[in-house]
Amino acid sequence: MAFSPGFHRRDREREAGDRLPPGQYLTEDFPVLSAGPTPRVDEAAWSFTVETETGEQRSWSWAEFMDLPQERPTVDIHCVTRWSKFDTTWQGVRVDTLLDGLDTAASHALAYSYGGYTTNLPLQDLIGGKAWIAHTFDGAPLAREHGGPARLLVPHLYFWKSAKWVQGIRLLTQDQPGFWESAGYHDYGDPWREQRYSWA
Ligand SMILES: Nc1nc2c(c(=O)[nH]1)N[C@H]1C(S)=C(S)[C@@H](COP(=O)(O)O)O[C@H]1N2
Ligand SMILES: [Mo]
């Protein structure tokens, strides 16, 4: 009996067992999903800003950002369009490092990007080693179509929360839906609970 590629895929997915969220399939590729044109942001012009609900601000130039303590997370990622990719390897700065010592009573955050994309998260989901600003993928500078120079990486939520070309994080005392969340995607987006759309 011949085995079809489809058989192999299902076979791998069975082996993947507990690691693959419901309704997802595994891919070895890295699909590109962008809602608009890919902005060009040179490292020389790049900066990253954190702003609290009281207006306190911190910014880093590219050089300052690269001088911060770095981490190398290996994580599984899950797109709402149903592909998942295991063991992706990144380098970046933990969001905790950027918020360290800030005085805030914020409950939520809005990440915003060069090009205008936004996405919202509870602040809890950005801290505690669960999120990074990543600039390197698979040992090489993050490709522009994947969000280079730097993107947010929040692997425990659907990948639309991982804003490409990220420019800053605004800390908020109330939730403010981002781009896809305003268009009907789920406000939170937990792949393990299949929180894909707000109407589902
Ligand atoms: N700035 C920006 N970030 C974005 C998006 C986007 O359109 N613009 N798309 C999101 C979606 S829906 C997904 S699945 C991932 C895709 O990332 P990738 O293109 O690197 O696979 O980026 C997310 N971040
Ligand atoms: Mo997506």
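Residues numbered from 1 in each chain as written. Chains lettered and ligands numbered in written order. Predicted model: local features only at pLDDT ≥ 70, side-chain atom pairs only at ≥ 80, totals over all residues. Heavy atoms only, no water.

- The protein appears in an unreviewed UniProt entry as Sulfite oxidase-like oxidoreductase from Actinomadura fibrosa.

### Digging into the side chain of Asp190
Step number 1: For Asp190, the position within the fold is in the segment after helix H4 (179-182).
Step number 2: A relative accessible area of 12% means that Asp190 is categorised as buried. (Helix = DSSP H or I, 4+ residues; strand = E, 2+ residues; numbered from the N terminus. Buried < 20%, exposed > 50% of the residue type's maximum accessible area, 1.4 Å probe, protein only.)

### Points about the packing of aromatic side chains
Aromatic rings in a pair are described by how distant their centres are and how their planes are angled relative to each other.
Step number 1: According to the stated counting rule, one finds 17 aromatic pairs in the structure shown.
Step number 2: For the ring pair Trp180 and Tyr185, a centre distance of 4.7 Å and an interplane angle of 25° mean the geometry is stacked.
Step number 3: The class for Trp180 is partly exposed, based on a relative accessible area of 26%.
Step number 4: Taking the relative accessible area as the measure of exposure, Tyr185 reaches 15% and is therefore buried.
Step number 5: Ring pairs connect the aromatic residues Tyr117, Tyr158, Trp160, Phe179, Trp180, Tyr185 and Tyr197, which therefore count as one cluster.
Step number 6: The side chain of Arg19 reaches across the aromatic face of Phe86, ending 4.2 Å from its centre. (Phe/Tyr/Trp six-rings, centres within 6.5 Å; stacked < 30°, edge-to-face > 60°. Lys NZ or Arg CZ within 6 Å of the ring centre and 35° of its normal.)

### Side note on the site of ligand 1
Step number 1: Within the structure, ligand 1 sits among 19 residues, and Pro31, Ala35, His146, Arg151 and Lys164 are positioned closest to it.
Step number 2: Between ligand 1 and His146 there is a distance of 2.6 Å, counted from an oxygen atom to a side-chain nitrogen or oxygen.
Step number 3: The contact in question runs from a nitrogen atom of ligand 1 to an N or O atom on the backbone of Ser162, over 3.1 Å.
Step number 4: Protein chains shield 97% of the accessible area of ligand 1, which is 530 Å² for the free molecule.
Step number 5: Most atoms of ligand 1, that is more than half of them, are within 2 Å of grid points of the largest pocket. (Near = heavy atom within 4 Å. Polar contact = N/O pair within 3.5 Å; in protein donor to acceptor, adjacent residues only side chain to side chain. Areas by Shrake-Rupley, 256 points an atom, 1.4 Å probe, with all protein chains shown as cover. 1 Å grid on protein atoms, 1.4 Å probe; cavity = no way out; pocket = protein on both sides within 12 Å on 5 of 7 lines; lining within 4 Å. Sits in = over half its atoms within 2 Å of the grid points.)

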